[in-house]
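Tertiary structure, described
What follows is the residue order along each chain.
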Number of protein chains: 2
Amino acid sequence: MSTLAEVKQNCRKVMCIGRNYADHVKELNNQRPKQPFFFLKPSSSILLPNEGPILRPGGVNLHFEVELGIVIGKTVRDLDENDTEGWMSAIESYLLTIDMTGRNVQEEAKKKGLPWSIAKGFDTFLPIAGPIAKSKIEDPHNVELYLKVNGDVKQQDNTELMLFRIGRQLADISKVMTLEKGDIVLTGTPKGVGPVVTGDVIEAGLRIGGKEVEEGKIKVE
Amino acid sequence: MSTLAEVKQNCRKVMCIGRNYADHVKELNNQRPKQPFFFLKPSSSILLPNEGPILRPGGVNLHFEVELGIVIGKTVRDLDENDTEGWMSAIESYLLTIDMTGRNVQEEAKKKGLPWSIAKGFDTFLPIAGPIAKSKIEDPHNVELYLKVNGDVKQQDNTELMLFRIGRQLADISKVMTLEKGDIVLTGTPKGVGPVVTGDVIEAGLRIGGKEVEEGKIKVE
Ligand SMILES: [Mg+2]
Ligand SMILES: [Mg+2]
Ligand SMILES: [Mg+2]
């Protein structure tokens, strides 16, 4: 398994699903999608533990979105969502990730029909922790994600609430673009997203059967 | 200078400017931007010469956009558009590129306020030729780009028509995300974009002072 530094170094693309938890769709007044949609974050936005704080660009309303991340272990195309063994074998390991988002930048882009790349792509906008061995997450659709700001729980939900499951996500992405070893996939955020300001302390992590997965913990300013 | 295969292998992100030629803005009924905007293409969309044809996904209205490409030669942040020596030194070489676009997919994304990543990101959607040594392009704002379909000239304009010059593009991108060695920047397409169907032969290239730059030629189906 790659180290976390290698995960950052070897990552060429980060593909992320939008609106994949029903209650999160509602909180942003968005429409529930009939099919999954995706966007890219640049690998230069990855922030490792101890690389420093998340940088809030001036005038940006900075939102957190805690998500289960997947590190791809081999080159795959045209995966079949019903071939569980097939798409599971494309997963090398898991990450705990925070999809930081310039919410006002994104809202303006949405209004104008412009791309999301800037809103999602600033340096430090993708804190990650892990990698978490596949053997530790027997069922990726039964993981509790949480995120706290200054000690207050803001997000806490189980990945069983995903609208589109991981097999569907990997199948859909890999029918458009080849997934390569080292690519990262973010699987969507549950409800509770919100703003942070400079100095706030974000703690995020995941639990399986109520038990914290230590290597998946993030603490970042 | 890297070989073209190394350019593909080393590329982590491809940042592209939208609406950077006035007549192209008009032909798509778009608004002329007050400031440049950008989107990401995945490096997995790069198509080298002799790697085969551009693949048109079913139901996709596939458009060509010929563009001058830039290969970044070193890690840079916060470039200053007025520091010509500074941003010029970040350029390793040039490419001739075609930013293939699923126009109907993009139009639907624009209407719904959704990201452009899929419309721009299919495998084979970024044919490239080169690299072209910096010494061969003394002034990147005085290069004639052309693109023919089945022998008919569809695009032919000079890069002097760019609304936002390359220094401004690199400055704006590098204020959002670190530009790393190997990254590629596409500088926008002139007017004349249009559809191609399977079997069409696209030829594209660039001329300086009326003279073809041989290593910048693309011929692709
Ligand atoms: Mg986008
Ligand atoms: Mg997200
Ligand atoms: Mg373009």
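In what follows, the structure referred to is the one given above.
Rules of the game
- Residues numbered from 1 in each chain as written.
- Chains lettered and ligands numbered in written order.
- Predicted model: local features only at pLDDT ≥ 70, side-chain atom pairs only at ≥ 80, totals over all residues.
- Heavy atoms only, no water.
- Helix = DSSP H or I, 4+ residues; strand = E, 2+ residues; numbered from the N terminus.
- Rg over C-alpha atoms; globule rule 2.2 N^0.38 Å.
- Buried < 20%, exposed > 50% of the residue type's maximum accessible area, 1.4 Å probe, protein only.
- Contact = heavy atoms within 4.5 Å.
- Areas by Shrake-Rupley, 256 points an atom, 1.4 Å probe, with all protein chains shown as cover.
- Lys, Arg positive; Asp, Glu negative; His and termini not counted.
- Charge placed at Lys NZ, Arg CZ, Asp CG, Glu CD.
- Least-squares fit on C-alpha atoms with pLDDT ≥ 70 in both.
- Donors = N, O, S within 2.8 Å, 3.2 Å for Na, K, Ca; no water.
- Pairing = 2+ DSSP bridges.
- Buried area = accessible area lost by both parts, 1.4 Å probe.
- Salt bridge = Lys/Arg side-chain N within 4 Å of Asp/Glu carboxyl O.
- Polar contact = N/O pair within 3.5 Å; in protein donor to acceptor, adjacent residues only side chain to side chain.
- Nonpolar A, V, L, I, M, F, W, Y, C, P; charged D, E, K, R; others polar.
- Axes fitted to C-alpha atoms, helices over the stretch in contact; angles between N-to-C directions.
- Disulfide = S-S within 2.5 Å.

Next up on the list: the overall build of chain A. Secondary structure summary: chain A contains six helices and 15 strands in total. Relative to a compact globule of 221 residues, whose C-alpha radius of gyration would be 17 Å, chain A shows 16 Å and is just as compact. Here chain A holds 221 residues, and the buried ones make up 62% of them. When contacts within chain A are restricted to residue pairs at least 6 apart in sequence, long-range pairs at least 24 apart make up 78% of them. Per element, the accessible surface of chain A, about 8900 Å² overall, is 45% carbon and sulfur. Separation between the mean location of the 29 positive side-chain charges and that of the 31 negative ones in chain A comes to 4 Å.

For the rest of this paragraph, the subject is the relation of the copies chain B and chain A. With an RMSD of 0.0 Å, the operation that places chain B on chain A is a rotation of 180° combined with a shift of 0.0 Å along the axis. Accordingly, the operation relating the two chain copies is best matched by a two-fold axis.

The next subject is the coordination of the magnesium ion (ligand 3). Residues and elements named next belong to chain B. At 2.0 to 2.1 Å from the magnesium ion (ligand 3) lie its protein donor atoms, namely Glu65 (OE), Glu67 (OE) and Asp99 (OD). Donor residues for the magnesium ion (ligand 3), ordered by position in the chain, follow E-x1-E-x31-D. Linking glutamate 67 in strand E5 (residues 66-72) with aspartate 99 in the loop between strand E6 (91-98) and strand E7 (101-102), this pair joins segments that are 32 residues apart in sequence. In this pair, the class of glutamate 67 matches that of aspartate 99, namely buried.

The strands that make up a sheet pair up through hydrogen bonds in the backbone, lying either parallel or antiparallel. Residue and element names in this part refer to chain B. Taking strand neighbours across the sheet as the criterion, the seven strands line up as E2-E1-E11-E5-E6-E8-E3 in an open arrangement whose pairing is mixed. Single-partner strands in this sheet number two, and they are strand E2 (38-41) and strand E3 (46-47). Sheet topology places strand E1 (residues 14-17) next to strand E11 (residues 184-186); three bridges connect them, and they run parallel. Within E11, the position partnered with valine 14 by the bridge is isoleucine 184.

In this section: the pairing of strand E6 (residues 91-98) of chain A. All names here are of chain A. Burial runs high along E6: eight of the eight residues are buried. As judged from the four bridges shared by E6 and strand E8 (residues 126-133), these two strands associate in the antiparallel manner. In the strand pairing of E8, tyrosine 94 is matched with isoleucine 132.

Further remarks concern the interface of chain B and chain A. Every contact between the two is made by 31 residues of chain B and, on the other side, 31 residues of chain A. For the chain B face of the interface with chain A, the top three residues by lost area are B:Arg12, B:Pro115 and B:Val176, together amounting to 24%. Between the two partners, chain B and chain A, sit two salt bridges. Residue A:Asp123 pairs with B:Arg77 through a salt bridge whose shortest N-O separation is 3.9 Å. At the junction of chain B and chain A, the tally comes to 18 residue pairs in polar contact (both at pLDDT 80 or more). The element contributing the most residues to the side of chain B that touches chain A is E2(B), with four residues. Grouping the amino acids of the side of chain B that touches chain A by side-chain chemistry returns 14 nonpolar, eight polar and nine charged.

Residues and elements named next belong to chain A. One open sheet accounts for seven strands, arranged E2-E1-E11-E5-E6-E8-E3; its pairing is mixed. Each end of this open sheet is capped by a strand with a single partner; those strands are strand E2 (38-41) and strand E3 (46-47). The sheet strands contacting helix H6 (residues 166-176) are strand E1 (14-17), E2, strand E5 (66-72), E6 and strand E11 (184-186), and the helix crosses E11 at an angle near 125°.

Moving on to unusual backbone geometry. With an omega dihedral of -10°, the bond running from A:Gly130 to A:Pro131 counts as a cis peptide bond. Locating A:Pro131 in the fold gives a position in strand E8. In the Ramachandran plot, A:Asp78 falls in the positive-phi region, its phi being about 50° despite a non-glycine side chain. With respect to the element layout, A:Asp78 can be found in the loop between E5 and helix H3 (84-89). Although it is not a glycine, B:Asn150 sits at a positive phi angle of roughly 50°. By the secondary structure assignment, B:Asn150 is in the loop between strand E9 (144-149) and strand E10 (152-158).

Before going further, it helps to examine the pattern of salt bridges. All names here are of chain A. Counted according to the given criterion, the structure contains 38 salt bridges over all chains. One salt bridge connects aspartate 99 with lysine 41, and the closest N-O pair in it is separated by 2.5 Å. Of the two residues, aspartate 99 sits in the loop between E6 and strand E7 (101-102) while lysine 41 sits in strand E2, which places them 58 residues apart along the sequence. Using a relative accessible area of 0% as the deciding quantity, one classes aspartate 99 as buried.

Moving on, we come to the state of the cysteines. The bond known as a disulfide is covalent and runs between the sulfur atoms of two cysteines. What the rule picks out here adds up to zero disulfides over all chains. The thiol of B:Cys16 is not disulfide-bonded; the next cysteine sulfur, from B:Cys11, is found 9.6 Å away.

Turning our eyes to something else, we now look at the environment of B:Ile202. Residues and elements named next belong to chain B. Inspection of the secondary structure assignment puts isoleucine 202 in strand E13 (residues 202-208). Under the relative-accessibility criterion, isoleucine 202 is labelled buried at 2%. A sequence separation of 53 residues divides isoleucine 202 from valine 149, and the C-alpha atoms of the two residues are 4.7 Å apart. Here isoleucine 202 is in contact with Ile54, Phe64, Ile98, Met100, Leu147, Lys148, Val196, Ile218, Lys219 and Val220, once residues within four sequence places are set aside.

What follows deals with the environment of A:Phe164. Residue and element names in this part refer to chain A. Tracing the backbone through its elements, the reader meets phenylalanine 164 in the loop between strand E10 (152-158) and H6. Placed 23 residues apart in sequence, phenylalanine 164 and threonine 187 show a C-alpha to C-alpha distance of 8.8 Å. Apart from the residues within four sequence positions on either side, phenylalanine 164 is in contact with Ile17, Asn20, Pro33, Lys34, Gln35, Pro36 and Gln169.

We now examine the pairing of E2(B). All names here are of chain B. Neither face of E2 is open: one carries Phe38 and Leu40, the other Phe39 and Lys41, and all of them are buried. Of the strand pairs in this sheet, E1 and E2 are connected by four bridges, and their pairing is antiparallel. Within the sheet, the bridge partner assigned to methionine 15 lies in E2 and is leucine 40.

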